[in-house]
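# Coordinates in review
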Amino acid sequence: MDFDYSNINLPVKEVIPNIKKELNSSSTLILKAPTGAGKSTLVPLTLLNESWLNGKKILMLEPRRLAAKTVAIRMADLLDEPIGETIGYKIRFDNKTGKSTRLEVLTEGILTRMIQEDNSLEDIGLVIFDEFHERSIHADLAMALCRELQSIIRQDLRILVMSATLDIPKLSEILQAPIIESKGKLFPVEVIYSGDTDAKMLPELISRLIKIAVEKHDGDTLAFLPGQGEIKKCEAILKNLLKGFEIHPLYGQLPPNKQFAAIRPSKKGKRKIVLSTNIAETSLTIEGIKIVVDSGFERISKFNPNSGLSRLETVHISKQSADQRKGRAGRLSPGICYRMWTKATHSQLAEIGIPEIEQADLSSLMLDIAKWGIIDPNELSWLSIPPRKNVIKANQLLHEIDALE
């Protein structure tokens, strides 16, 4: 029985007939839909009974564990079923799937392991890459392997790429895939530039700005900081600075129960402040957010092929990330976004972030493709070609520790 979405008022609903039509004849499709359009929940559910699936499963990849879990639970709720029946999820150390599961939400690294165990993905009819603009190294590898499967033994395997902000025309050219765009319905968000910020003083400066914002505007607040250290310092400052607010940290290493506490609605009569890394940029809907305070920084791992070492660096975000963060204030109602930089600085930000594959240590990637049976990464079709220097360094390391024969 088809999923009845007639009573669900989400913007992506308007393009679902077009998505079904294209996937009926195309092996690969790109869906561009803004934050809050409903692409992560409504689209997978409406494709479950398409004839071209031939009763096979759908896999949907999410870049983060929290997003994978919450999206799966939301879809199960829409079907009025417990998680683990039609809808399930697989993340590290947590598997909620069963014999009747037909749509599995995974983190990207898990798909790589699945492909290595089952080289044809025989039971899978569609792989959905959600929030693909994040371009993690796992997502790029999973995409390369799925395209390899498609071209050699699984011409019937469909790939659906979904993103809110991405260089869609370039991606369409590389994948030779049609594009469907959902305009979405984002509420207006006023942007206030508060001036450039010293990253070393970030916890103190962002705490002051959060205090100004919550005293001036209604609603809950989502603040973006580069990492766990800044979040903890900011949390301590705000607990002394503001009374009567729920203050929740949100980052990848936080225990799951505390992550879910951050995204659940606040207690009646209390306003909430969520202090997050870029884990909250996409997929997650945090109830009640009307104010975003954006530090403008993120923390990334950069590999130096000369030294063979990686180090964490605090860098300015891209315009793409800034747009994603701003959009969190306009998902449920009109909102406001404070940016801790100037308009002049904004004009100089990179349009999009650098894919992880271009700046990361490639040792684990080279090990994964060796397990697949490939030594030269150029044999695969990449969206971004792994840098030669990094590939050489990774292979040297793997040979030194006898990981490769």
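Okay, so let's go over this structure.

Cut-off values and rules
Residues numbered from 1 in each chain as written. Predicted model: local features only at pLDDT ≥ 70, side-chain atom pairs only at ≥ 80, totals over all residues. Heavy atoms only, no water. Helix = DSSP H or I, 4+ residues; strand = E, 2+ residues; numbered from the N terminus. Axes fitted to C-alpha atoms, helices over the stretch in contact; angles between N-to-C directions. Parallel < 35°, antiparallel > 145°, perpendicular 65-115°, else oblique. Left-handed = near helix turned anticlockwise from the far one by under 90°. Contact = heavy atoms within 4.5 Å. Nonpolar A, V, L, I, M, F, W, Y, C, P; charged D, E, K, R; others polar. Buried < 20%, exposed > 50% of the residue type's maximum accessible area, 1.4 Å probe, protein only. Arc of directions from axis to C-beta. Core = buried A, V, L, I, M, F, W, Y, C linked by side-chain atoms within 4.5 Å.

### What about the environment of Gly353?
Along the chain, the position of Gly353 falls in the loop between α11 (343-348) and α12 (363-372). Sequence-wise, Gly353 and Leu202 are 151 residues apart; in three dimensions their C-alpha atoms are separated by 22 Å.

### Some words on the packing of helix α5 (residues 137-152) against α12
It is the contact of α5 with α12, at a shortest axis distance of 11 Å, that shows an interaxial angle of 20 degrees. One element, α5, and the other, α12, form an angle in the roughly parallel class. Crossing angle aside, the handedness with which α5 passes α12 is right-handed. Here α5 contributes Ile137, Leu141, Leu145, Glu148 and Leu149 to the contact with α12, which in turn contributes Leu365, Asp368, Ile369 and Trp372. Counted by class, the contact of α5 with α12 contains 7 nonpolar, no polar and 2 charged residues.

### Quick word on helix α9 (residues 256-263)
Taken residue by residue, α9 has Gln259, Phe260, Ala262 and Ile263 as its buried positions. Seen end-on, α9 carries its buried residues on one side only, within an arc spanning 155 degrees.

### Points about the nonpolar core
The biggest cluster of nonpolar side chains holds 42 residues, and the ones touching the most others in it are Leu111 and Phe129. Breaking this core down by element, the ones donating at least two residues are β2 (57-62), α4 (108-117), β6 (124-129), α5, β7 (158-163), α6 (168-175), α12 and α13 (388-400). In terms of residue count, the dominant contributor to this core is α5 (9 residues). Setting aside its immediate chain neighbours within four residues, Phe129 contacts Leu61, Ala139, Ala142, Met143, Cys146, Ile159, Leu160, Val161 and Met162. Within the second largest apolar cluster, 36 residues are counted, among which are Ile16, Ala37, Ile91 and Leu160.

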